[in-house]
Amino acid sequence: MASSFSTIKTIQPLCFSTTTTRSQDKSTLPTTNSSFFGSNNNLRKSFNSFSSSTNRIRSTVVAVSDVVKEKKLKTSAASTSSNLLITKEEGLVLYEDMVLGRVFEDMCAQMYYRGKMFGFVHLYNGQEAVSTGFIKLLKKEDCVVSTYRDHVHALSKGVPARAVMSELFAKKTGICRGQGGSMHMFSKEHNLLGGFAFIGEGIPVATGAAFTSKYRREVLKEDCDEVTLAFFGDGTCNNGQFFECLNMAQLWKLPIVFVVENNLWAIGMSHLRATSDPAIYKKGPAFGMPGVLVDGMDVLKVREVAKEAIGRARRGEGPSLIECETYRFRGHSLADPDELRDAGEKDHYGARDPIVALKKYVLENNLASEADLKAIDKKIEELVEEAVEFADASPYPSREQLLENVFADPKGFGIGPDGKYRCEDPKFTQGTAQV
Ligand SMILES: Cc1ncc(C[n+]2csc(CCOP(=O)(O)OP(=O)(O)O)c2C)c(N)n1
Ligand SMILES: [Mg+2]
C-alpha cells in the first residue's frame, strides 16, 4: 500500500507543506544578549506575538490539514457514504480515552493534595490528543515507552485505571505492586516498557525493543511485525541519547516511531530559549528518516500522521520522527506553582483544548449525540472513583518486598532454594555490614 510518507523523499522533512513559514525557526527569534541569564520575557513576548499572529499555529495546522483534506477528497471520490476521518465507533473510542486521561489526572491532583500520593507527580492534562491519537492505533503486542509523565500513556495502552491509581497510592495492587510509583509505570502484559524519571532514558530502551522486533522477524524468522512508540518531551531532544538512537534506528531501519510531545517547556525552561534550532522535526531528515510536524491539540490530525508512521514501521520501512505541538494545562509537576508561564500563552492553548475540539467535531458531524457523550463522561467518572476506592482499600506491600529486585542475591535476601523470594528480618544496617 502506498503511503503519503513514502511518496516524499525521506531526505526531506515531511512537514507536508514546505511553503509555510516555520515560526519556530531561529530567524523569528529576537537577537538579545541577555537570553542566557535571568528572565526569558523577551523570548516569551516574541512567542506570544507570533502565536497571537497565529504564525506558529498556522504553519502547523495548515501543514497537516492539507494532508487531511487531500485524504478526505480521496475518500469522498471513492465512496459517497462518508468523507469523515473517523467512524462513530472510532470517534467514541477516542473521546472516551481522552476523557479517561483528563478525569484520571484531575483525580490524581485531588488525591495528591489530600496526601494520598508521595513524591513527584507529573500530570498530562492538555496533551491527551497525542497519547490517544497514537496509542489507540496499536496492537496489544506493540510497545510503548514513556517518561515520568506516564499515567495517561499507560491508560491508553489498556492498563486498568485501578492498577495505575493503586500504583500511585503505593499499594500492593498497583501495576508494579506499589514499588514504582508515578514515574515508573510498567506492564509486561500490556507491553508498556516503563515510565522513566531520567529524561531520555526511555529512548534507548525503546530502540532496543524495536531492535528485538526486527531481530525476531528477520533473524529468528518469527511472525513479528511489532512496532514501538517512544514518547518524550522537547526538553529531551538536546540529550545525546536522542541523537544516538535516531542514528541507530535509521541505520538498522528499526520499527519505531519517535514521538516528541513539544509542550514548549522543560520545567521552567522555554524550548525557544534552550535549543539552537527549535524545529525538532527537522532533525529526522538529518538522519535520513521522515520528520513530521503535527498539531498535537487535534487528535484527528495526530491520528492521521500516526497511522502513516506506524504503518511505515510495521511494513519494515523504518523509523519516523513526529513532533507534536502540544501544551500542558498544569504546572510541570504537582509541586510546581506554575508561575513562570505567561497567562496569555496558557489562555491561547486552553482555548484549543483537544477534548473540546473532538467533541465539537463529533457533534457537528452527527457521529454521536450530546447524550452519548454525557454517558461516556459519567461512565469514566464512575470508573475513576472506583479506582480511588480500590486503591484506598488496598494493602501496602509487605515489608520484605522492599528488598526484592534490589540486590542480586545478598545474604539473607533474594531467591531461596524453593525459587521464591525470601527475606530474613533485614536489620538493614547490620545485614549490609555482614555482606
Ligand atoms: C538526565 C536528566 N537530567 C535532568 C533531569 C531533570 N528534569 C526533570 S523534567 C526535565 C524537563 C524535561 O522536559 P521535557 O522533555 O520537555 O518534558 P515535559 O516535562 O515537558 O513533558 C528535566 C530537565 C532529569 N530528570 N533527567
Ligand atoms: Mg516539554
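Residues numbered from 1 in each chain as written. Chains lettered and ligands numbered in written order. Predicted model: local features only at pLDDT ≥ 70, side-chain atom pairs only at ≥ 80, totals over all residues.

### Focus: the overall build of the chain
Line of reasoning, step 1. In terms of regular secondary structure, the chain is built from 15 helices and nine strands.
Line of reasoning, step 2. Expressed as a percentage of its 435 residues, the buried residues of the chain come to 43%.
Line of reasoning, step 3. Long-range pairs, those at least 24 residues apart, make up 74% of the contacts in the chain with a sequence separation of at least 6. (Helix = DSSP H or I, 4+ residues; strand = E, 2+ residues; numbered from the N terminus. Buried ≥ 20, exposed ≤ 12 C-beta atoms within 10 Å, placed from the backbone. Contact = placed C-beta atoms within 7 Å.)

### Section: the nonpolar core
Line of reasoning, step 1. Among the nonpolar cores identified, the biggest contains 85 residues, and V164, A230, V257, V259 and I322 are the most heavily contacted of them.
Line of reasoning, step 2. Not counting chain neighbours up to four residues away, the residues in contact with V164 comprise H151, A154, L155, V159, I175 and M185. (Core = buried A, V, L, I, M, F, W, Y, C linked by C-beta atoms within 7 Å.)

### Thoughts on the environment of F118
Line of reasoning, step 1. When you line up the elements, F118 lands in the loop between helix 3 (88-113) and helix 4 (128-135).
Line of reasoning, step 2. Considered as a pair, F118 and S182 are 64 residues apart in the sequence and their alpha carbons are 8.7 Å apart.

### A closer look at the environment of V130
Line of reasoning, step 1. Relative to the helices and strands, V130 resides in helix 4.
Line of reasoning, step 2. Judged by local crowding, V130 falls into the buried class, with 30 C-beta atoms found within 10 Å.
Line of reasoning, step 3. Between the alpha carbons of V130 and V299 there is a distance of 6.7 Å; along the sequence they are 169 residues apart.
Line of reasoning, step 4. Non-local contacts of V130, meaning those with residues more than four positions away in its chain, are made with V259, E261, G296, V302, C324 and T326.

### What to know about the UniProt feature "coiled-coil region" (unreviewed entry) in the chain
Line of reasoning, step 1. On the UniProt side, "coiled-coil region" (unreviewed entry) is annotated at positions that read residues 366-393 here.
Line of reasoning, step 2. Between the C-alpha atoms that bound residues 366-393 the distance is 42 Å, and the span itself is 86% helix and 0% strand. (UniProt positions renumbered as here; feature names shortened; annotations may be inferred.)

### Examining the packing of helix 6 (residues 161-168) against helix 14 (residues 370-393)
Line of reasoning, step 1. Contact pair helix 6 / helix 14: the axes reach a minimum separation of 8 Å and the direction vectors enclose 45°. As judged from the angle between their axes, helix 6 and helix 14 are oblique. Crossing angle aside, the handedness with which helix 6 passes helix 14 is right-handed. Taken together, the residues of helix 14 that come into contact with helix 6 (itself represented by A161, R162, M165 and S166) are L383, V384, E386, A387, V388, F390 and A391.
Line of reasoning, step 2. Residue composition of the contact of helix 6 with helix 14, by class: eight nonpolar, one polar and two charged. (Axes fitted to C-alpha atoms, helices over the stretch in contact; angles between N-to-C directions. Parallel < 35°, antiparallel > 145°, perpendicular 65-115°, else oblique. Left-handed = near helix turned anticlockwise from the far one by under 90°. Nonpolar A, V, L, I, M, F, W, Y, C, P; charged D, E, K, R; others polar.)

### Some details on the pairing of strand 3 (residues 256-262)
Line of reasoning, step 1. Counting buried positions over the seven residues of strand 3 gives seven, a clear majority of the element.
Line of reasoning, step 2. Alignment of strand 2 (residues 228-233) against strand 3, held across six bridges, turns out to be parallel. Opposite F232, over in strand 3, you have V260 as the bridge partner.
Line of reasoning, step 3. In this fold, the crossover linking strand 2 to strand 3 by way of helix 8 (residues 240-251) has right-handed handedness. (Pairing = 2+ DSSP bridges. Right-handed = clockwise from strand over helix to strand, strands pointing away.)

### Quick look at the site of ligand 1
Line of reasoning, step 1. F198, G233, G235, T236 and A266 are the nearest of the 15 residues found near ligand 1.
Line of reasoning, step 2. Among the elements of the structure, strand 2 and strand 4 (265-266) are those that each provide at least two residues to the shell around ligand 1.
Line of reasoning, step 3. Here the residues of the shell around ligand 1 are counted per class, giving seven nonpolar, five polar and three charged. (Near = placed C-beta within 6 Å.)

### What about the confidence of the model for the chain?
Line of reasoning, step 1. Residues of the chain with pLDDT of at least 70 account for 75%, and the chain-wide mean is 83.
Line of reasoning, step 2. Every residue in residues 5-69 is under pLDDT 50, and counting partners more than four places away or in other chains gives 91 contacts. (pLDDT = per-residue confidence, 0-100.)

### Quick notes on the pairing of strand 2
Line of reasoning, step 1. Burial of strand 2 is extensive: six of the six residues sit out of reach of the surface.
Line of reasoning, step 2. Here strand 2 shows a buried face lined by T228, A230 and F232 and a second buried face lined by L229, F231 and G233.
Line of reasoning, step 3. Pairing of strand 1 (residues 143-145) with strand 2, which is carried by three bridges, proceeds in the parallel orientation. Bridge pairing links V144 to L229 in strand 2.

### Topic: the sheet that holds strand 6 (residues 291-295)
Line of reasoning, step 1. Strand order across the open sheet formed by five strands is 1-2-3-7-6, with parallel pairing between neighbours. Two strands bound the open sheet, and with one partner strand each, they are strand 1 and strand 6. Each adjacent strand pair in this sheet contributes to an overall mean axis angle of 20°, direction not counted.
Line of reasoning, step 2. Here strand 3 pairs with strand 7 (residues 320-325) via six bridges, running parallel. Bridge assignment links N262 to a residue of strand 7, and that residue is E325.
Line of reasoning, step 3. Taken strand by strand, helix 4 contacts strand 1, strand 2, strand 3 and strand 7, and its axis lies near 165° from that of strand 3.

### A look at the environment of E167
Line of reasoning, step 1. Positionally, E167 belongs in helix 6.
Line of reasoning, step 2. In this structure E167 comes out as buried when scored by C-beta crowding, with 30 C-beta atoms within 10 Å.
Line of reasoning, step 3. Along the sequence, E167 and G181 sit 14 residues apart, while their C-alpha atoms lie 5.3 Å from each other.
Line of reasoning, step 4. Dropping the residues within four chain positions of it, E167 is found in contact with G174, I175, C176, G178, G180, G181 and M185.

### A closer look at the packing of helix 4 against helix 11 (residues 299-314)
Line of reasoning, step 1. Interhelical geometry of helix 4 versus helix 11 gives an angle of 40° and a closest axis separation of 8 Å. Between helix 4 and helix 11, the angle is such that the two are oblique. Where helix 4 crosses over helix 11, the two elements pack in a sense that is right-handed. Taking contact as the criterion, the partners of A129, V130, T132, G133 and F134 in helix 4 are, on helix 11, V299, V302, R303 and A306.
Line of reasoning, step 2. Its residues assigned to classes, the contact of helix 4 with helix 11 shows six nonpolar, two polar and one charged.

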